[in-house]
Amino acid sequence: MYKAIICTLIALIICVSCNTPKKKSAEHFKIAHELFSAENYNESLKAVDFAISFDSLNNDAIFLKGKLKYHFDFDEEAIQVVMPLLKRDFKIDTINNFIGRCYFSLGYSYSYKNIDQKKGEEALEKSIIFYNNSLKQNPLFYESYLGKQMALHNLERYGESLNTLNQAIRLFPDSILLISNRGVEKHFLGDNDGALMDLNKSIISNRLDSSDLANAYRFRGRIYALNDKLDQAIDDLTKAILYDSKNEMAYVTRGDIYRLKGLKDKACQDYRKAAELGLVSVYDQIKEYCNN
């Protein structure tokens, strides 16, 4: 009896000592998560590294570290951090969606900044693979439909993008964002009347956040410009900039319309603003039109 008690106590001591690192890891993860929620990302990264140092298999901490790397625009590092989680069957749909988002960000950056168009396209293609993996695990993963649609759009596969949106709208018929994005795809496919129907509906709804509302105004402005309704186009593009002052494409499009109207000073002011926001390609317009 006495020996049995001793053995039990020893087992408990061993168990407690084994659990201590995991408990410390959990404590540091909790702190890291709270700091992340408070948008104190630098301190959150320090705390999450402590959590992982105590327990290298703390999946939640590893995922949080991946999200922090993504926040700091270290997309490739974020992918490397979270990729092992797929082998552990940890939140497979969520992790696939996250990796898809990282590849999309990487591809968009390569293409948008004119760094390497080929690498940009390769990254976007990879993002679609991971978004599809996410949807295989969870056919109701709303964000994966959005991510896949945007990747297809950036690859100029507008028909596939439209099909993805229609599939998502059947599942989420109340999503105004999906309807707004469908309007954009219809525009790129040449159906401007259908595009206006979707964009008007999304704008009138008052249910889009500021950046998405800016996008809807921008594309409606583009369509107005194509229909020679230049003043209406300028009004919509001005609203787009009001809702998202960093929407560089709204500045470019409004600059193009000012150029059509012969308003050189206003056009060049918009072109230069877009360039300041990082749109390198607009320097072609500045060189051609503004330096004379």
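Keep in mind that what you see is a predicted model, and the values were worked out from it rather than measured. Along each chain, numbering runs from 1 in the same order as the chain's sequence is written. Per-residue local features of the predicted model are confined to residues with pLDDT of at least 70, and side-chain atom pairs are confined, for both listing and counting, to 80 or more; whole-chain, interface and lining totals are unaffected and use all residues. To get the side-chain values, take all heavy atoms of the structure and skip hydrogens and water.

1. Remarks on the overall build of the chain
Next, step 1: Numbering of helices and strands starts at the N terminus; helices are DSSP runs of H or I of at least 4 residues and strands are runs of E of at least 2. What the chain contains, in helices and strands, is 15 helices and 0 strands.
Next, step 2: Note that the radius of gyration is over C-alpha atoms, with the globule rule given as 2.2 Å times the number of residues to the power 0.38. On C-alpha atoms alone, the chain measures out to a radius of gyration of 25 Å, which is more than a quarter above the 19 Å that the 2.2 N^0.38 rule sets for 292 residues.
Next, step 3: Principal-axis analysis of the C-alpha atoms places the extent of the chain at approximately 100 × 45 × 35 Å.
Next, step 4: Across the 292 residues of the chain, 46% fall into the buried class.
Next, step 5: Intrachain contacts of the chain at a sequence separation of at least 6 include 50% that bridge at least 24 residues.
Next, step 6: Using a 1.4 Å probe, accessible areas were evaluated by the Shrake-Rupley method; residue-level cover was limited to the displayed protein chains. Surface exposure of the chain reaches about 16,100 Å², of which carbon and sulfur atoms provide 53%.
Next, step 7: This count recognises Lys and Arg as positive and Asp and Glu as negative, with His and chain-terminal groups excluded. To locate a charge, take NZ of a lysine, CZ of an arginine, CG of an aspartate or CD of a glutamate. Taking the 39 positively charged and 39 negatively charged side chains of the chain as two groups, their mean positions are separated by 4 Å. Only protein chains enter the area calculation, which uses a 1.4 Å probe; residues under 20% of their type maximum are buried, those over 50% are exposed, and those in between are partly exposed. Contact between two residues is taken to exist if any of their heavy atoms lie within 4.5 Å; hydrogens are not considered.

2. Some details on the confidence of the model for the chain
Next, step 1: Along the chain, pLDDT gives the predictor's confidence residue by residue, from 0 to 100. With 92% of its residues at a pLDDT of at least 70, the chain reaches an overall mean of 92.
Next, step 2: Taken as a whole, residues 5–17 scores under 50 in pLDDT and shows 0 contacts with residues more than four places along the chain or in a different chain.

3. Quick look at the nonpolar core
The tendency in soluble globular proteins is for nonpolar side chains to be buried side by side.
Next, step 1: We call a set of buried residues a nonpolar core when its members are Ala, Val, Leu, Ile, Met, Phe, Trp, Tyr or Cys and they connect through side-chain atoms within 4.5 Å of each other. Grouped together as the largest cluster of nonpolar side chains are 46 residues, with contacts concentrated most on Ile257, Tyr271 and Val282.
Next, step 2: Looking at this core element by element, the count peaks at 8 residues for helix 11 (residues 210–226).
Next, step 3: Apart from residues no more than four positions distant in its own chain, Ile257 is found in contact with Ala225, Leu230, Ala233, Ile234 and Leu237.
Next, step 4: Residues Leu45, Val48, Cys102 and Tyr110 belong to the second largest nonpolar core, which totals 29 residues.

4. Comments concerning the state of the cysteines
Covalent bonding between the sulfur atoms of two cysteines is what defines a disulfide.
Next, step 1: For this text, the term disulfide refers to a pair of cysteine sulfurs within 2.5 Å. If you walk through the whole model with that rule in mind, you get 1 disulfide.
Next, step 2: Each sulfur in the disulfide pair Cys268 and Cys290 lies 2.1 Å from the other. One disulfide, between Cys268 and Cys290, carries an S-S torsion of -100° and so falls in the left-handed class. On the criterion of sequence distance, the pair formed by Cys268 in helix 14 (residues 264–276) and Cys290 in helix 15 (residues 283–290) is long-range, its members being 22 residues apart.
Next, step 3: By relative accessible area, which is 5% here, Cys268 ends up buried.
Next, step 4: Owing to a relative accessible area of 11%, Cys290 belongs among the buried residues under this scheme.

5. Focus on helix 14
Next, step 1: By this rule, a helix spans an expected 1.5 Å times one less than how many residues it contains. For helix 14, with 13 residues, the first-to-last C-alpha span of 18 Å sits near the 18 Å given by 1.5 Å per residue.
Next, step 2: Restricting attention to buried positions, one finds in helix 14 the residues Ala267, Cys268, Asp270, Tyr271, Ala274 and Ala275. Down the axis of helix 14, the sector holding all buried residues measures 160°, keeping them to one side. Among the exposed residues of helix 14, those oriented more than 90 degrees off its buried face are Asp265, Gln269 and Glu276.
Next, step 3: Residues of helix 14 that are buried in the fold lie against helix 13 (248–260) and helix 15.
Next, step 4: One or two steps after helix 14, the chain reaches Gly278, where phi turns positive at roughly 110°. Regarding the arc, it is the one traced by the directions from the helix axis to the C-beta atoms.

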